[in-house]
Structure formats: C-alpha cells, structure tokens
Amino acid sequence: MSPEKLRKTVVSADSQSPVAAPDLPYRPQDPKSYRPGIGLIGCGGITKDHLRAYQAAGYRVLALCDLQLENAERRRAEYYPDADVYQDAADLLARSDIQVVDIATHPAVRPRLIEAALLAGKHVLSQKPFVLDLDVGERLVALAESCDRKLAVNQNARWAPHFSYSREAVRRGLLGDINGVHMSVHWDHRWVEGTPFAEIKHLLLYDYAIHWFDMVNCLLSRQTPLRVFASTTRTKTQTLMPPLGAQVAIEYEHAQASLSFDAATMYGRQDRTYIAGDQGSIFSIGPNEKEQDLTLYTAHGIARPQLVGSWFPDGFHGAMGELLCAIEENRRPIHSAADNLFGLSLCFAAIHSAETHQVVAPGAIRRLPTDI
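Residues numbered from 1 in each chain as written. Predicted model: local features only at pLDDT ≥ 70, side-chain atom pairs only at ≥ 80, totals over all residues. Heavy atoms only, no water.

Draft legend 1. View of the overall build of the protein. In terms of helices and strands, the protein carries 11 helices and 14 strands. The C-alpha radius of gyration computed for the protein amounts to 21 Å, which stays within 12% of the reference 21 Å derived for 372 residues, consistent with globular compactness. For the protein, the C-alpha atoms occupy an extent of roughly 75 × 50 × 40 Å along the three principal directions. The contacts of the protein with a sequence gap of at least 6 include a subset with a gap of at least 24, amounting to 68%. In the form shown here, the protein has an accessible surface area of approximately 17000 Å², with 51% of it arising from carbon and sulfur atoms. In the protein, 38 positive and 43 negative side-chain charges are present, and the distance between their average locations comes to 3 Å. (Helix = DSSP H or I, 4+ residues; strand = E, 2+ residues; numbered from the N terminus. Rg over C-alpha atoms; globule rule 2.2 N^0.38 Å. Contact = heavy atoms within 4.5 Å. Areas by Shrake-Rupley, 256 points an atom, 1.4 Å probe, with all protein chains shown as cover. Lys, Arg positive; Asp, Glu negative; His and termini not counted. Charge placed at Lys NZ, Arg CZ, Asp CG, Glu CD.)

Take a look at the structure:
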C-alpha cells in the first residue's frame, strides 16, 4: 500500500460515523430447564454476592456450610431461610438432592474439598484463585474428567458487562486477530488496612489482578504467552505492608499485553481497557470497574452499546449460570478449571518476576511461595 493510500485509509478510519452496536449475548445466561440443588461450602464475606445473585436468579440453594456455624446461619437468615446449615462439609456432600456445590473457602483448603465433592458425584464451582499449585490443579482437572463432572472457576469478572461484551466481540471475530490488550486501574485500595488482606505480600498481583490475568487469557486465548515481566513498587507515603503499585508486561509472538495498577489514587480514579485488533478495537473507560462506557470501532463505524448490569452481582450470576448451562448441554464450561490454569500460570509467572526482577516463561513457575 502506498503512503498516500495508507494516509487516506487512516483518515477514513478515524472519521467514521456512529452505527448501531452489535447485539451480543453479554448478560448472564440461565439453563433452559435444569434446576439442581446447590450447596455452598464456605460462607465468608464475598458469599453475600454469591447468594444475592443466586436468589435473584431463582437458583435452589438447599444447604450452607461453614466451620464457623454462625456464618452459615447468618447467610441462611439473609438469603435462604429454608436451607439447612452444616459445620462439616461431608454432611452436605452426602446429600443426594445436591448436585452442584459452590466451594468458596480459602485456597489452601479448597483442593481437598473439591476432590471430595467430585468423588461424591457433585459438579463444582471453585472460588478463585483456583489453586496455589498448577500440578494440583491439573490433578483436579483430571479427576473431574474421570468422574464425568464439570469443574469451573468463579472468575466472575468475565460477566462484568464491559468485559463480557468485549469477550463476546473477540470470540465472534469482530476485532479480527488481537494484537494488543492493555488494561489499567487507578484507585484507592487502602481500605484493606487492618484487614487480613493487608497481610498478603502480593496483594495486587495475587488477590486483585487475578481477574485481569484471567481476562488476558480470555482475550488472547488463541495465542501462547512467551514471556512475562512484572514489578511492584511502594508509594512514598503508604503505610500498608503490600506494595500499592504494580505493572506487568506479557509478550506473545504476535501480540502484547500490559497491566498497570496504581492502588493509592485518591482523586481522578480510572479503570480502562483497550483491545486492539487488525479489524477493530474496543475502548472501555470509567471511574471504576462497575461504571464503564464502552466503544467498539470497526470498519462499519463507531458503536457505543448501552450496557446494563454491574459486575456485582451479575458476575456471580454469570459464573454459576454458565456452569449450569454447561451441565445441561453436556459441554465444557467456558470458565473451566482447565482453561483457568492458563490465566493462573500468568499470575504465578508475574509474582515470580516481581520477586526476582527476571523475565519468566508462563508455566515455568508451578506453585506460589508460601509468603505471597
């Protein structure tokens, strides 16, 4: 293409007219007729959003379990007054009327619960991060397959409206081949001071960014990541133990991805995503992850879908709904544990890179250190 023709093409692309946004199925989906009994194991703070979403969707939660029985009783009173409560997960797993379990415990104890649930014939939705050891994750994936059970991971950000619409646009080829994914979040995460979260050394890369690693995996699923470099930094005035700044660069053969987190931003907070493809691009921006304005650029013009819903609680509805649909349709859920391991390998590599200041190949780091 001559320089003059290229210049005209660029000018034409930059002066496009508004067009109607494609109608993509970005909202949480429910199974047509499958209404299994559901049990929740682990009733910590985040399960308010689980149960609020399940209640709104009309899902049948029959039992709640927590080592601290009062936690299960509290959730029962708030959302499912007719549910039974248990202190021992084995009692819940012994019930034949429960076909699906949501395991929302801490990651260190989750693998044995997932194994017990699969062996008891239950389909499983695991809280994220799925595992702390990729080898353990692979064994659980193999066990699920041998038991003919579905094992999915609650990567609920996939059903945040802007992420879900973007994911569907990429899946349907609206952007062509993806050559760049760049996401940044600038917000104030210092609310964790005085909570157990403040004791997590890699609070940003491990606990927070797990959603963003998963989205990179979704959007670039057709390509293999080659190298990861990450770093963290402490702000000058922070009092928290975990660094409040982090950045990650991920290299592919024909694409690049970057993540940037500034977690001590008091004013002008911003959450943005840019996805660049050879046939189109998506730009989404807002003051936080729940309020986003998305623009889709293609050869047809500039589209601005009016997205409805919010990450919380729609993400939790979407995660459970997709598992139930996959069971009903006898297919692998899109948030399967097998798929999740690819995003986890990015997370593990980034944490190791931040620790060593070295470039790391995804998959080379099989487990997280105990002092994450």
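Still more ground to cover, so stick around.
Draft legend 2. Expanded view of the sheet that holds strand E7 (residues 178–186). Spatial ordering of the open sheet is given by E8-E9-E10-E7-E11-E12-E13-E14, a layout of 8 strands whose pairing is mixed. In this open sheet, the two strands that pair with only one neighbour each are strand E8 (225–233) and strand E14 (301–303). Sheet twist, expressed as the mean angle between neighbouring strand axes with direction ignored, is 10 degrees. Direction of pairing for strand E11 (residues 270–277) relative to strand E12 (residues 280–288): antiparallel, over a ladder of 6 bridges. If you follow Ile275 over to E12, its bridge partner there is Ile282. In this fold helix H11 (residues 337–356) packs onto E8 and strand E9 (245–252), with an angle of close to 50 degrees to the strand it touches most, E8. (Pairing = 2+ DSSP bridges. Axes fitted to C-alpha atoms, helices over the stretch in contact; angles between N-to-C directions.)

Draft legend 3. Quick peek at the side chain of Arg95. Within the secondary structure, Arg95 sits in the loop between helix H4 (89–93) and strand E4 (100–103). Reaching out from Arg95, the side chain makes a polar contact with the side chain of Asp84 at a distance of 2.6 Å. Every residue in contact with Arg95, bar those within four places of it in the chain, is listed here: Leu62, Ala63, Asp84, Tyr86 and Lys122. (Polar contact = N/O pair within 3.5 Å; in protein donor to acceptor, adjacent residues only side chain to side chain.)

Draft legend 4. Main features of the nonpolar core. Ranked by size, the top nonpolar core spans 90 residues in total, and within it Phe130, Val216 and Phe261 carry the most contacts. The residues touching Phe130, leaving out its near neighbours within four places in the chain, are Arg110, Ile114, Gly137, Leu140, Leu151, Val153, Ala337, Asn340, Leu341 and Leu344. If you look at the next biggest cluster of nonpolar residues, it comprises 26 residues, including Ala53, Tyr59, Tyr79 and Ala83. (Core = buried A, V, L, I, M, F, W, Y, C linked by side-chain atoms within 4.5 Å. Buried < 20%, exposed > 50% of the residue type's maximum accessible area, 1.4 Å probe, protein only.)

Draft legend 5. Molecular detail of the environment of Leu240. Residue position: Leu240 is located in the loop between E8 and E9. Classification of Leu240 as buried rests on a relative accessible area of 4%. Along the chain, Leu240 and Asp49 lie 191 residues apart, while their C-alpha atoms are 27 Å from each other.

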